[in-house]
Amino acid sequence: MSQTKERRAARKRQIIEILKFTGFSVSAGVIQFVSTGVLSTWTSLIPYYWVAYLIGLVLSVIWNFTLNRKFTFRSASNLPLAMTLVIIYYCAFTPLSTFGADAINAAWKTAAGESWKENYELVITASMMILNFVTEFLWDKFIVFNDKVINKLLRKFKKEKSVSDADKEIPTKNTDHWFTVEKIDDGTYVISEYRHPEETHCYLLIGCERCLLIDTGLGICNIYEQVRKLTDKPVTAVATHIHWDHIGGHKYFPDFYAHEAELDWLNGKFPLSIQTVRDALTDRCVLPEGFDVNAYSVFQGTPTKILHGGETIDLGDRKIKVLHTAGHSPGHLCFWEEERGYVFTGDLIYKDMLFADYPSTDPEAYLQSLERIAALPAKRLFPAHHSLDIKPEIAVGMRDAFRDLKTQGKLRHGAGTFDYGDWSVRL
């Protein structure tokens, strides 16, 4: 049912995209048609048809780029490179269509005589406009705003430092009084709260149509303001799980998803008291000036979509697979972007102490989830806490450790704490 809805939504978005492109292109065509006619066909202000045609074409391109690029594709692709590709298209199309149209016009003029000049020029102009519409749509759709193509070009010509390699540090983009924003790649950012001991990480994935914010942090400061500095596109929030340190900023995002197993936690049945949460919030932390911890509350609300696991969240040019990975919590989710090899692991995998001792945790399910993540051909793992320097191999190491604990009969609540170097687990 959910996959059918996703397909229907994808088809609807494609239709809307075509309609938008058509509408803006038609308006640009009107500008080209009228300006060419005014300058040459109807008034002869410019004696050379090709000059009038060229002016009309340039005016239509400016109009089309200003409106169509903003409201139709809304791609997160590298803007200078996208603009360069548009220029390349017109560098090829303009001389071919301009001189081709002029040659056809001259031939028809010779054959039909001066009395048919207006009719033939209008037909030629209309024909060139249709050719422009079809070829430009294909060029924009599959080249200019295709992130695969853009990323390949960037890597090939080294116009932008690649940070997709797991061995490279993610460069800091901006640090303000509370959040640290770091760029992962063109269209993916991590928004961190290093000033709190939880050191939470939220991930903004920018697609050509909309964005996905994985976790919204502690809720101490307004994460929405940080998101809006990075994109003006619609944003859907989704939590890896409904714990207070992952849904604090949900209040800023009316469009949010949640797993069915944790809906009660959004409806007055969160397992921790508000005082326990407030104590954790202030523990070893200097809170920002003006923040009133006594006014802090755990987010409650109704999601716009209930997740079960197995869904695909379509951002237009990015497909994010929802993986139900219970263990740390009953509705814990990981998110898998196969094209880029990214796994957003939430609290299932990170460097530090893993918690599988709460009543709502399930050590056996934790192992099953680790089995699933370890089997993915991941290039990067992105945790919800602490160090971002995590290689995919850690998932295999954690899986093997949990397997050993199960073999020893220790994969159960109350078994104790087990240390594995840069990470540990409390059962």
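Look up: the structure comes first, before these words.
Residues numbered from 1 in each chain as written. Predicted model: local features only at pLDDT ≥ 70, side-chain atom pairs only at ≥ 80, totals over all residues. Heavy atoms only, no water.

J.: Help me understand the packing of helix α8 (residues 363-374) against helix α9 (residues 393-407), please; the structure alone is not making it clear to me.
T.: Look at α8 against α9: their axes get within 9 Å of each other, and the N-to-C directions meet at 145°. Both α8 and α9 take part in a crossing whose hand is left-handed. Taken together, the residues of α9 that come into contact with α8 (itself represented by P363, E364, Y366, L367, L370, E371, I373 and A374) are A395, V396, M398, R399, F402, R403 and K406. (Axes fitted to C-alpha atoms, helices over the stretch in contact; angles between N-to-C directions. Helix = DSSP H or I, 4+ residues; strand = E, 2+ residues; numbered from the N terminus. Left-handed = near helix turned anticlockwise from the far one by under 90°. Contact = heavy atoms within 4.5 Å.)

J.: Mind showing me how you'd approach α8 here?
T.: Because an α-helix completes one turn every 3.6 residues, residues spaced three or four positions apart along the sequence face the same direction. Between the first and last C-alpha of α8 there are 16 Å, a value that for 12 residues agrees with the 16 Å anticipated at 1.5 Å per step. When α8 is considered as a whole, its buried residues turn out to be P363, A365, Y366, L367, S369, L370, I373 and A374. Here α8 starts with a cap whose side-chain oxygen sits 3.1 Å from the backbone nitrogen of E364, and that cap is D362. (Expected span 1.5 Å × (residues − 1). Buried < 20%, exposed > 50% of the residue type's maximum accessible area, 1.4 Å probe, protein only. Polar contact = N/O pair within 3.5 Å; in protein donor to acceptor, adjacent residues only side chain to side chain.)

J.: What's the story with the packing of aromatic side chains in this structure? I'm lost.
T.: Two aromatic rings, taken as a pair, are described by how far apart their centres are and by the angle between their planes. Tallying each qualifying case throughout the model produces 17 aromatic pairs. Here W265 and F270 contribute two aromatic rings whose centre-to-centre distance is 6.2 Å and whose plane-to-plane angle is 80°, an arrangement assigned as edge-to-face. We note that W265, like F270, is buried. With 5.0 Å between their ring centres and 85° between their planes, Y342 and F382 make a pair best called edge-to-face. Of this pair, Y342 sits in strand β12 (residues 342-346) while F382 sits in strand β14 (residues 380-383); the two residues are 40 residues apart in sequence, bridging distant segments of the chain. Like F382, Y342 is buried. These aromatic residues form a ring-pair network of at least three members: Y89, Y90, F93 and W139. For K305, the ring lying beneath its charged end belongs to Y257, and the centroid distance is 5.6 Å. (Phe/Tyr/Trp six-rings, centres within 6.5 Å; stacked < 30°, edge-to-face > 60°. Lys NZ or Arg CZ within 6 Å of the ring centre and 35° of its normal.)

J.: What exactly am I supposed to notice about the nonpolar core here?
T.: Where a protein is soluble and globular, its nonpolar side chains tend to be buried together. Core analysis: the largest hydrophobic core is formed by 35 residues, its most contacted members being L204, L213 and W244. Elements supplying a minimum of two residues to this core: β3 (188-193), β4 (200-206), β5 (211-214), α6 (223-230), β6 (235-238), β7 (256-259) and α7 (274-282). If sequence neighbours within four positions are ignored, L204 has contacts with G187, T188, Y189, C211, L212, L213, V227, L230 and T231. Judged by nonpolar contacts, the second largest core, of 29 residues, contains I394, F402, L411 and L427. (Core = buried A, V, L, I, M, F, W, Y, C linked by side-chain atoms within 4.5 Å.)

J.: Explain a nonpolar patch on the surface here, please?
T.: On the surface, a nonpolar cluster with roughly 530 Å² of combined accessible area is contributed by V26, V30, V34, V38, W42 and L45. Counting through the fold element by element, V26 comes out in helix α1 (residues 2-41). (Patch = residues over 30% accessible without salt bridge, like charges linked within 9 Å, V, L, I, M, F, W, Y side chains within 5 Å. Areas by Shrake-Rupley, 256 points an atom, 1.4 Å probe, with all protein chains shown as cover. Salt bridge = Lys/Arg side-chain N within 4 Å of Asp/Glu carboxyl O.)

J.: Would you take a moment to explain the pattern of salt bridges for this structure?
T.: Side chains that differ in sign of charge can pair as their charged atoms come close. According to the stated counting rule, one finds 11 salt bridges in the structure shown. R340 is the salt-bridge partner of D185, the closest N and O atoms lying 2.9 Å from each other. Of this pair, D185 sits in strand β2 (residues 180-185) while R340 sits in the loop between β11 (333-337) and β12, and the two are 155 residues apart along the sequence. Judged by relative accessible area, which is 12%, D185 ranks as buried.

J.: Would you mind showing me how to read the pairing of strand β10 (residues 319-324) here?
T.: A regular strand places its side chains so that they alternate between the two faces of the sheet. Bridging between strand β9 (residues 312-314) and β10 involves three bridges; their strand directions are antiparallel. Bridge assignment links D314 to a residue of β10, and that residue is K319. Here β9 hands over to β10 after four residues, with G316 in that stretch at a positive phi of 110°. (Pairing = 2+ DSSP bridges.)

J.: I'm lost on unusual backbone geometry in this one. Help?
T.: A positive phi is found at E199, a non-glycine position, where the angle reads about 45°. Structurally, the position occupied by E199 is in the loop between β3 and β4. Looking at E199, the relative accessible area reads 25%, which means it is partly exposed. Even without a glycine there, the phi angle at D352 is positive, about 150°. Among the secondary structure elements, D352 is positioned in the loop between β12 and β13 (353-355).

It is worth stressing that arrangement in space is one thing and function is another; only the former is reported here.
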